[in-house]
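Single-letter residue listing:
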Amino acid sequence: MQNFELLRNVTIGQYIPIDSPIHRLDPRTKILAATFLIVGISFNSAVIANVIFLLAVLAIALISRVPLKYVMRGFILGLPILILIFVMQLFFQGWVEPSGRVYFEWGFIRVTRYSIQLMVISLIRVVAFIFLTSLITMTSTTTELTHGMERLLEPFRRIGLPSHELALVMMIALRFVPTLAEEMERIMKAQASRGADLGTRRMWRPDKAAKNILPLIVPLFMNAFRRAEDLVLAMEARCYVSGEGRTKYVELHNSVVDYAVIAATFAFMLLMMFYPWPSLHSVLAGYGFDWL
Amino acid sequence: MQPIIRLENVHHTYKPESNHPVKALNGIDLTVYPGEYLVILGHNGSGKSTLAKHLNALLLPTEGDVWVKEWNSKYAENFRSIRSTVGMVFQTPDNQIVSTIVEEDVAFGPENLGVPRDEIVRRVDWSLEQVDMTSFRHRAPHLLSGGQKQRVCIAGMLAMQPDVLVLDEATAMLDPLGRKEVLEVAQRLNKQEGVTIIAITHFMGEAVHADRLIVMDEGRIAMEGTPHEIFAQVEQLEALQLGVPQITQVAQALHRRMPAFPPDILTVDEFVDAFAEHVGPAQAPPSLPNGNDATADAPRGETAAVIELRDVGYNYMHDTPLEVKAIEDVNMAIYPGEVVGVIGHTGSGKSTIIQHFNALLRPHEGVVTVFGQDTSASTTDVREVRRRVGLVFQQPEAQLFERYVGDDIAFGPRNLKLSKEEVRERVRRAMERVGLGFEEYKDRMTFGLSGGQMRRVALAGVLALEPEVLVLDEPTSGLDPQGRRQLMSQILDLHGQGTTLTIISHNMEELAEMCDRLYVIADGTTYMHGSVDEVFAHRNDLRKMGLDAPGVTAVLDALAEAGLIDREQTAVYTVAAAIELLGGLVDAKL
């Protein structure tokens, strides 16, 4: 059975409307802090440092009071690719970088201490990366993010980056997602009422599939263009000028907390990049465990 | 007084360089004074929207001059001053909103003007207050109703503190409630804030409150005057493809019988006063007109219903945490040969209900039977159901996709895998049934047609399936009075040819004229049903729900209220029946 409601489930960056210290942060702080954390960890390949980093990210997730199950949903999306990467690293990295103890070797497969380390680190980094990005979208509205991006990119205006225009384009795109989804639903229903067989016909024949999609795509585009023309008129009627000479209604508020968060994450980045983190096996060997 | 807008011999030609230049304005002279409420009427294509876009320099005259205060629109450096003096609200509210948050959208104009932030805050507060949308300031626009969105657009203009507000068919896409909201805002701004209003419309009822009316035709000003002056000239208006308000139609019919009765009546109060003065209380009750006889009630029992909904419920986002109830406990039956009307607010669930009629939606609760088949049963051939029950959506022209008219109409028959000759034959029949000549239109470009013609092509596209039941969702919305009349009479012809009809409409007069039975939908359920008489007898309940009885009924109610006619005589729902009743009273008096 056809489900015409599919498109209504389109939600970009599912914002979770609860209150938490993370929700209250300035969107700029969140973007900056996440960037510092990610850059910091990207330059560090010590297992201990990566584990500390993962714990820190989990702590942030807990503070944000977003259900962890929800966050994990983003992880499942990337799972097939991740598994592929891990398997490749585990089996073949040992050949690329023949250092450290060899645990297992069979044919073209070679598992070494180094390849295991690398796998663990990549796993942590991917999980942390997904956590951080989804935390940003779950704790800030799309509007906040748009404004945050705009202000952060503003210094780059001088070198010709159209920060305001980019933000406006993003805003308008987000504004029209639900409108166009509704429209698509209506078109699908109307064509089905005229006997169109949507989605069931031989989709492996690209020519037929393309022919089936025309009755949906053509009206959708025609209507989108009409909307765009209307929008241009409406914006002109409201004296739209790009960039210079505009004032801003939305104010972003930096509090002491914001500065503290930025400072802390910046320090974290430096720590990750420049502190000589010991390797896990040498630490364990110091305690008499030398089986690694 | 200094005029605020002045047009001198304005001409406008679209595509002047091309082989087919289109002359839209043809020498317009117009002066608008501060504080005026000006209404511009005209059929589709008369040039009224082109004129509107000249008032704030969105279009520039190809000949002649437009002055706003002291600024001539031909100089680009004046655009800003002109556009912040003359605000404009367009037809489709969705296409004017830039932001994902209401208050930020309202701030967009002043931001563009470089207004300091403190002042923007003050203006946003004030503008939202003016349109009564303050409590929605943090909402996302797509969650608002049409009328609310249009009020946000007005607030967005007010935030630029314009002296003039142009409403370019701003009510055309709204339901009656939304239209009323927008008009009230416009009238309040005009009276209390002294904002000059220029409203472009083809609803005659909206013209009644204007200080001055202008009627456009072929790019010229064809008529100009007060509403009383203009609406007294019925023949001329009809020649310009317009009509007069219903109340004026009745007054004019009485004027023909009794020359002393004023023909230029525009409001209920005026009508009651005139009736009291010239006719007085009814002497003897004349025989009741039989506008809608009660025998139409239902052919129930002997005939089986073609479509039957029993205790039907449907939820959106079914099986997700965001599940919302759309309809519940809906009971309806459509019998062969009937014309059934469906009334209800936007959002009351009526669109969801009719999508069950052809199995686009299948109920989560209850049973839908179409031609004796349960639409939820796996054995039911859904495509067969959709062939027998044709569904025409709102503004169906938005779903056309083929380059040529004939191909678009053939989409349905081709899906039925009919032979080439049969497809051709069906396209021909369908086109003729909507009044489009087959040879003349089949090879025309679909997207080059006028709005009214495109609507007919879309209707033909459904008729080509030769359905036994035709379901129409607001078939005449957005059309001008003449387009409305034509389409309605074609739809009635279909009924004459044996098609069962179900019509959703906000136009109570149309429904009262056409329908055998009415269903009233409220809060996702069937609130009331019965013959036209039975349903409109509960018009006080309908009014409480924000729905309305036909306009003429309000006149009769007011007459009864004033003791001029009997209560029992108010059961009149069409202009023709009202003229018959009141004409009889006038005749008795003479």
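Residues numbered from 1 in each chain as written. Chains lettered and ligands numbered in written order. Predicted model: local features only at pLDDT ≥ 70, side-chain atom pairs only at ≥ 80, totals over all residues. Heavy atoms only, no water.

1. Let's talk about the overall build of chain A
Working step 1: Scanning chain A from terminus to terminus reveals eleven helices and two strands.
Working step 2: Mapped from its N terminus to its C terminus, chain A presents α and β elements in the order α-α-α-α-α-β-β-α-α-α-α-α-α.
Working step 3: Within the span of chain A, comprising 292 residues, buried residues form 39% of the whole.
Working step 4: Considering only contacts in chain A between residues 6 or more positions apart, those separated by 24 or more positions represent 76%.
Working step 5: For chain A, the accessible area works out to roughly 16,000 Å², and carbon and sulfur atoms hold 71% of it. (Helix = DSSP H or I, 4+ residues; strand = E, 2+ residues; numbered from the N terminus. Buried < 20%, exposed > 50% of the residue type's maximum accessible area, 1.4 Å probe, protein only. Contact = heavy atoms within 4.5 Å. Areas by Shrake-Rupley, 256 points an atom, 1.4 Å probe, with all protein chains shown as cover.)

2. Overview of empty space enclosed by the protein
Working step 1: This model, assessed by the stated rule, comprises six cavities of 30 Å³ or more.
Working step 2: The wall of the largest cavity is formed by 17 residues, among which H147, L168, M171 and R246 of chain A together with E111 of chain B lie closest to the centre.
Working step 3: Those elements giving two or more residues to the lining of the largest cavity turn out to be α7 (142–153) and α8 (163–193) of chain A together with α3 (102–113) of chain B.
Working step 4: By residue class, the composition of the lining of the largest cavity is seven nonpolar, four polar and six charged.
Working step 5: The space that makes up the second largest cavity amounts to roughly 100 Å³.
Working step 6: Lining the second largest cavity we find A190, Q191, S193 and R194 of chain A together with L391, V392, F393, P396, Q399, L400, A458 and V462 of chain B.
Working step 7: Looking at the lining of the second largest cavity residue by residue, the class counts come to eight nonpolar, three polar and one charged. (1 Å grid on protein atoms, 1.4 Å probe; cavity = no way out; pocket = protein on both sides within 12 Å on 5 of 7 lines; lining within 4 Å. Points joined across faces, edges and corners; volume = space filled by probe spheres on them. Nonpolar A, V, L, I, M, F, W, Y, C, P; charged D, E, K, R; others polar.)

3. Observations regarding the packing of helix α9 (residues 246–257) of chain B against helix α22 (residues 575–589) of chain B
All names here are of chain B.
Working step 1: The N-to-C vectors of α9 and α22 enclose an angle of 35°; their axes lie 9 Å apart at closest approach. Along this stretch, α9 crosses α22, giving a crossing that reads as right-handed. Along its contact with α9, which presents Q246, Q249, V250, A253, L254 and R257, the element α22 presents V575, A578, I579, L582, G583, G584, V586 and D587.
Working step 2: Of the residues assigned to the contact of α9 with α22, the class counts are eight nonpolar, four polar and two charged. (Axes fitted to C-alpha atoms, helices over the stretch in contact; angles between N-to-C directions. Left-handed = near helix turned anticlockwise from the far one by under 90°.)

4. So, the confidence of the model for chain B
Detailed reading of predicted coordinates is not advised where the pLDDT is low.
Working step 1: Summarising the model, chain B shows a mean pLDDT of 89, and 96% of its residues fall at 70 or more.
Working step 2: The ipTM value of the predicted complex is 0.85, and its pTM value is 0.83. (pLDDT = per-residue confidence, 0-100.)

5. So, the sheet that holds strand β6 (residues 86–89) of chain B
All names here are of chain B.
Working step 1: Pairing in this open sheet of six strands is mixed, and the strands run β6-β7-β8-β3-β9-β10 from one edge to the other. Lying at the two open borders of the sheet, with one neighbouring strand each, are β6 and β10 (220–225). On average, each strand axis in the sheet is tilted by 20° relative to the strand beside it, whichever way the strands run.
Working step 2: Here four bridges tie strand β3 (residues 37–41) to strand β9 (residues 212–217), and the two strands are oriented parallel to one another. Bridge pairing in β9 places I40 opposite I214.
Working step 3: Against the sheet, helix α5 (residues 146–158) contacts β6 and β7 (164–168), and its axis sits at roughly 165° relative to β6.
Working step 4: Taken strand by strand, helix α6 (residues 176–192) contacts β3, β7 and β8 (196–201), and its axis lies near 140° from that of β3. (Pairing = 2+ DSSP bridges.)

6. What about the interface of chain A and chain B?
For interface size, the figure often reported is the accessible area lost on association.
Working step 1: The partner chain B presents 66 residues to the 53 residues of chain A that form the contact.
Working step 2: Between chain A and chain B, roughly 5,300 Å² of surface is buried when both sides are summed, and carbon and sulfur atoms account for 56% of that area.
Working step 3: A per-residue breakdown of the area chain A buries against chain B is headed by R194, R238 and Y249 of chain A, which together make up 21% of the total.
Working step 4: Among the ionic pairs, R246 of chain A bridges to E111 of chain B, the shortest N-O distance being 3.1 Å.
Working step 5: Summed over the shared surface of chain A and chain B, the result is 26 residue pairs in polar contact (both at pLDDT 80 or more).
Working step 6: For the side of chain A that touches chain B, the leading source of residues is α8 of chain A, giving 15 residues. (Buried area = accessible area lost by both parts, 1.4 Å probe. Salt bridge = Lys/Arg side-chain N within 4 Å of Asp/Glu carboxyl O. Polar contact = N/O pair within 3.5 Å; in protein donor to acceptor, adjacent residues only side chain to side chain.)

7. Concerning the packing of aromatic side chains
Working step 1: If you walk through the whole model with that rule in mind, you get ten aromatic pairs over all chains.
Working step 2: Plain terms: the ring middles of F221 of chain A and F225 of chain A are 6.2 Å apart, the flat faces sit at 65° to each other, and that makes the pair edge-to-face. Taken together, the residues span about one helical turn, with F221 of chain A and F225 of chain A both in helix α9 (residues 206–237) at a distance of four residues.
Working step 3: When the centroid spacing of 5.1 Å and the interplanar angle of 40° are considered together, the rings of F536 of chain B and Y573 of chain B count as tilted. One end of the pair, F536 of chain B, is in helix α19 (residues 532–537); the other, Y573 of chain B, is in the loop between α21 (551–561) and α22, and 37 residues separate them in sequence.
Working step 4: Residue classification places Y573 of chain B among the buried positions, given a relative accessible area of 2%.
Working step 5: Aromatic ring contacts, followed pair by pair, group F261, F271 and F275 of chain B into a single cluster.
Working step 6: Here the basic side chain of R175 of chain A rests over the ring of F176 of chain A, its NZ or CZ set 4.4 Å away from the ring centre.
Working step 7: Directly above the ring of F371 of chain B sits R388 of chain B, whose terminal nitrogen or CZ lies 3.7 Å from the centroid. (Phe/Tyr/Trp six-rings, centres within 6.5 Å; stacked < 30°, edge-to-face > 60°. Lys NZ or Arg CZ within 6 Å of the ring centre and 35° of its normal.)

8. Concerning the sheet that holds strand β18 (residues 500–504) of chain B
Residues and elements named next belong to chain B.
Working step 1: Read from one edge of the open sheet, six strands run β16-β17-β18-β13-β19-β20, paired in mixed fashion. Looking at the sheet topology across the chains shown, the edges are occupied by β16 (389–392) and β20 (525–531). Going from strand to strand, the sheet's axes swing by 15° on average, the running direction of each strand aside.
Working step 2: Here strand β13 (residues 339–343) pairs with strand β19 (residues 517–522) via four bridges, running parallel. In the strand pairing of β19, I343 is matched with V520.
Working step 3: Each of β13, β17 (469–473) and β18 touches helix α17 (residues 481–496); the most contacted strand, β18, lies at about 150° to it.

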